[in-house]
Amino acid sequence: MAGTKASCQCNGKQQGTRSAGGSAMRAYLTNLMRTPRSFRESVIRHGAPTSDRARSQAVSHNFFLHIMSARVHRHSLKFIATAGLGVITLVLFLLLAVTGILLMVYYKPAVDQAYDSMKDISAVVPTGRFMRNIHRWAAHGMVACVILHMARVFYTSAYKKMREFNWVVGMVLFVLTLLSFTGYLLPWDQLAFWAITVGANIAQSPQEVTDALGITAQFDPGGMTKEILLGAHFVGQEALTRFYVLHCIVLPLVLTLVLGLHMWRVRKDGGLARPDEPISERPPGCDVDGSVKTWGLMGLMKGRTPAVGKELANTVPAYPNALYALAALAMLTTAVMLTLGYFFDAPLAEIANPAVPENPAKAPWYFLGLQELVGYSAFMGGVGIPSLAIIGLALIPYLDREEEDVGLWFGGSQGRRVALGSLVFTTVLTVGMLVLTVRAGWLREWMPDIPQLVITFINPGTVLVFAFAVWSLGTVLRTNSTRLGAIALFTCFLTSFVILTYFATVHRGPNWEFYWWPSLWPAAH
């Protein structure tokens, strides 16, 4: 009996174990079948976006919390408000990152292999030519969009009211974007070699001042800068290695960090700048659409940010309105880059030859305006004037403290008149200065024995800067407005940059002589 009882108990335990095992197996199979749904619920922690609350959660429960708010103002979605330049610039940066990684797989950063690897990429690697073309066009497009984006932010006063620091961050991004020039050397062809040589000579330009003062032997910042840049006194393997590391590793990492900070500050500074509107008047506890509004702890917080105390009625959920606009701009930008990459090839000249100078040796288009000024004074054209421009731009939000409606182009009709007048003034002055220097030269042609220091600090570039400053101060005195004076000065510099870039691109030929058109260049140059 005892043995029988024990046997029954043992059998019961075995059945229980089998039953538990069967339940565990059924649960495992059930969980396996539910995995797609469980994964979706772990990613999307809200219901279908059929209400304002659900649409807000679609934004606030994911990465976009750090990019955009749950609701955006209708004015921010208008194309005329921003022209989508910030989004386009971001998309171009992502295209550069993707195509750059693909090109790195086949590129060899060695002076005896770099040029051959570029030829292989263009002729042997599947879609290699296409990727290189997209990379080049995206790089040029990003520089252009950053300049236009900066102009848009300035002319709409979007650097005011808690956004001052983000303007400075934007200036850092502007400088970092211009440093994409480091990729110019990587093809190791004649165009790249001599363009970098020009850039290195500009970096060495402080020697113009130290030589004139006779202190170069004791203090040579120009020579030190050039050697740090190239790793030697000439463009060679050390320069190629440094430019490769800077272009492929350092710059992308720094740009990503600063770009993330810039976008985060846009979010934290109340979103995109827009004209002020009356605070909406609606029954307490009701949302924009009339639905009952629930409050969390964050809704009771007080502070000084632009978002506090401004529940504007004229807002829409970021999803899907802003998200669809971003997607459309991204697809359009990508389509344009794909089209340009398909129809227009990135240039690849002969292999670099230090014994055969390129004539004319020209920098990338965004440095050609400076190269024109360098022709008059290497130091002021390459270092002095650009430094003054960058510092002046960074100080704008701290010098212009006028209270005005932000988000409006030029701040109104008076600002448009000032900008137009400054454009006409700068066009006449810059073109006139170019005509004078082409036909009659400058001080060195007029007075051959004039000291070099005089040429350094009194040249067409410094004369233009001085004239722009006088014009700006005159605008301030005439209008009693520092904002209008800033508009005048910014317009002068922007207009002059465009004219000088065009002039150096089209009308400068061999030996940096003037030609009406490149077709008129001598046959051998």
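The structure we're discussing is the one just above.
Participant: Got a sec to walk through the overall build of the chain? Specific residues and values, please.
Facilitator: In terms of helices and strands, the chain carries 19 helices and 2 strands. The proportion of buried residues among the 525 residues of the chain is 40%. Pairs at least 24 apart in sequence give 76% of the contacts found in the chain among residues at least 6 apart. Accessible area of the chain: about 28800 Å², with a carbon and sulfur share of 69%.

Participant: So what about the pattern of salt bridges? Which residues, and what values?
Facilitator: Counted according to the given criterion, the structure contains 5 salt bridges. Arg-129 serves as the salt-bridge partner of Asp-345, at 2.5 Å between the closest nitrogen and oxygen. Placement of Asp-345 in the loop between α12 (318-343) and α13 (368-374) and of Arg-129 in helix α6 (residues 128-155) is noted, with a sequence separation of 216 residues between them. Its relative accessible area of 31% is what places Arg-129 among the partly exposed residues.

Participant: With reference to specific residues and values, describe empty space enclosed by the protein.
Facilitator: Under the criterion given, the structure shown has 1 cavity of 30 Å³ or more. When its volume is computed, the largest cavity comes out at roughly 30 Å³. Lining the largest cavity are His-75, Ser-76, Ala-81, Thr-82, Arg-152, Leu-272 and Ala-273. The residue inventory of the lining of the largest cavity, partitioned by class, reads 3 nonpolar, 3 polar and 1 charged.

Participant: Explain unusual backbone geometry to me, using residue names and the numbers behind them.
Facilitator: In this chain, Asn-359 is followed by Pro-360 through a cis amide linkage whose omega measures 5°. Among the structural elements, Pro-360 can be located in the loop between α12 and α13. Within the chain, Thr-127 stands out as a residue other than glycine whose phi angle is a positive 60°. Counting through the fold element by element, Thr-127 comes out in the loop between α5 (114-123) and α6. With phi around 55°, Asn-480 is a residue other than glycine that occupies positive phi space.

Participant: Summarise the side chain of Arg-483; cite the residues concerned and give the values.
Facilitator: Relative to the assigned elements, Arg-483 resides in helix α19 (residues 482-506). Under the relative-accessibility criterion, Arg-483 is labelled buried at 2%. Here Phe-154 takes part through its backbone oxygen, which lies 2.8 Å from a polar atom of the side chain of Arg-483. In contact with Arg-483, not counting residues within four places along its chain, are Phe-154, Tyr-155, Thr-156, Ser-157, Tyr-159, Lys-160, Asp-400, Glu-402 and Glu-404.

Cut-offs used in this document
- Residues numbered from 1 in each chain as written.
- Predicted model: local features only at pLDDT ≥ 70, side-chain atom pairs only at ≥ 80, totals over all residues.
- Heavy atoms only, no water.
- Helix = DSSP H or I, 4+ residues; strand = E, 2+ residues; numbered from the N terminus.
- Buried < 20%, exposed > 50% of the residue type's maximum accessible area, 1.4 Å probe, protein only.
- Contact = heavy atoms within 4.5 Å.
- Areas by Shrake-Rupley, 256 points an atom, 1.4 Å probe, with all protein chains shown as cover.
- Salt bridge = Lys/Arg side-chain N within 4 Å of Asp/Glu carboxyl O.
- 1 Å grid on protein atoms, 1.4 Å probe; cavity = no way out; pocket = protein on both sides within 12 Å on 5 of 7 lines; lining within 4 Å.
- Points joined across faces, edges and corners; volume = space filled by probe spheres on them.
- Nonpolar A, V, L, I, M, F, W, Y, C, P; charged D, E, K, R; others polar.
- Polar contact = N/O pair within 3.5 Å; in protein donor to acceptor, adjacent residues only side chain to side chain.

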